[in-house]
Amino acid sequence: MQGYQNLPIDIQTSKLLDWLVDRRHCNLKWQSSVLQIRGKINTAIQDMPENEEIKTLLAGSYIHYFHCLRIVEILKGTEATSKNIFGRYSSQRMKVHGRPVGLV
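Residues numbered from 1 in each chain as written. Predicted model: local features only at pLDDT ≥ 70, side-chain atom pairs only at ≥ 80, totals over all residues. Heavy atoms only, no water.

Student: Please provide a residue-by-residue account of a nonpolar patch on the surface, values included.
Tutor: Judged by side-chain polarity, Leu-17, Trp-30 and Val-34 come together as a nonpolar surface patch covering roughly 220 Å² of accessible area. With respect to the helices, strands and loops of the structure, Leu-17 is situated in helix α1 (residues 16–22). (Patch = residues over 30% accessible without salt bridge, like charges linked within 9 Å, V, L, I, M, F, W, Y side chains within 5 Å. Areas by Shrake-Rupley, 256 points an atom, 1.4 Å probe, with all protein chains shown as cover. Salt bridge = Lys/Arg side-chain N within 4 Å of Asp/Glu carboxyl O. Helix = DSSP H or I, 4+ residues; strand = E, 2+ residues; numbered from the N terminus.)

Student: Got a sec to walk through the pattern of salt bridges? Specific residues and values, please.
Tutor: Applying the stated criterion across every chain, the model contains 3 salt bridges. In this structure, Lys-55 and Glu-50 form a salt bridge, with 3.0 Å as the shortest nitrogen-oxygen distance. For Lys-55, a relative accessible area of 42% puts it in the partly exposed group. Of the residues examined, Glu-50 reaches a relative accessible area of 69% and is grouped as exposed. Arg-70 is paired through a salt bridge with Glu-53; the nearest N and O atoms lie 2.7 Å apart. Within this pair, whereas Arg-70 is found in helix α4 (residues 65–78), its partner Glu-53 is found in helix α3 (residues 52–59), the two being separated by 17 residues in sequence. Given a relative accessible area of 35%, Glu-53 falls into the partly exposed group. (Buried < 20%, exposed > 50% of the residue type's maximum accessible area, 1.4 Å probe, protein only.)

Student: Hey, could you go over the side chain of His-67 for me, with residue numbers and the actual values?
Tutor: In this structure, His-67 sits in helix α4. With sequence-adjacent residues up to four places away left out, His-67 is seen in contact with Leu-57 and Tyr-62. (Contact = heavy atoms within 4.5 Å.)

Student: For the packing of α3 against α4, give the residues involved together with the corresponding values.
Tutor: As a packed pair, α3 and α4 sit with axes 10 Å apart at the nearest point and diverge in direction by 165°. By the angle between their directions, the pair α3 and α4 is classed as roughly antiparallel. The crossing of α3 and α4 is left-handed. Residue-level contacts link Glu-53, Ile-54, Leu-57 and Leu-58 of α3 to His-67, Arg-70, Ile-71, Ile-74 and Leu-75 of α4. Its residues assigned to classes, the contact of α3 with α4 shows 6 nonpolar, 1 polar and 2 charged. (Axes fitted to C-alpha atoms, helices over the stretch in contact; angles between N-to-C directions. Parallel < 35°, antiparallel > 145°, perpendicular 65-115°, else oblique. Left-handed = near helix turned anticlockwise from the far one by under 90°. Nonpolar A, V, L, I, M, F, W, Y, C, P; charged D, E, K, R; others polar.)

What follows is the structure, encoded as structure tokens:
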């Protein structure tokens, strides 16, 4: 009976947005949210430390969610010395960019 979970979902691309909205995976104002997120990504890119892996991730023309997660993990390592006594980052870079951009 578990085999049905591995079956692909067949959705016509022209109806994909309606399908996503109906199932509350996104709302109708998703485009304005994307613009805000892209703006935050562009601001965050300007404030990156010198790191080869970050340079490689940012070298591509398209930055996606998993790139952002990896960059945050790298920042946690490079900014680890900036934690205060309560375990919070005192670095402005981590205060602003410490969460994945889509979750800010």
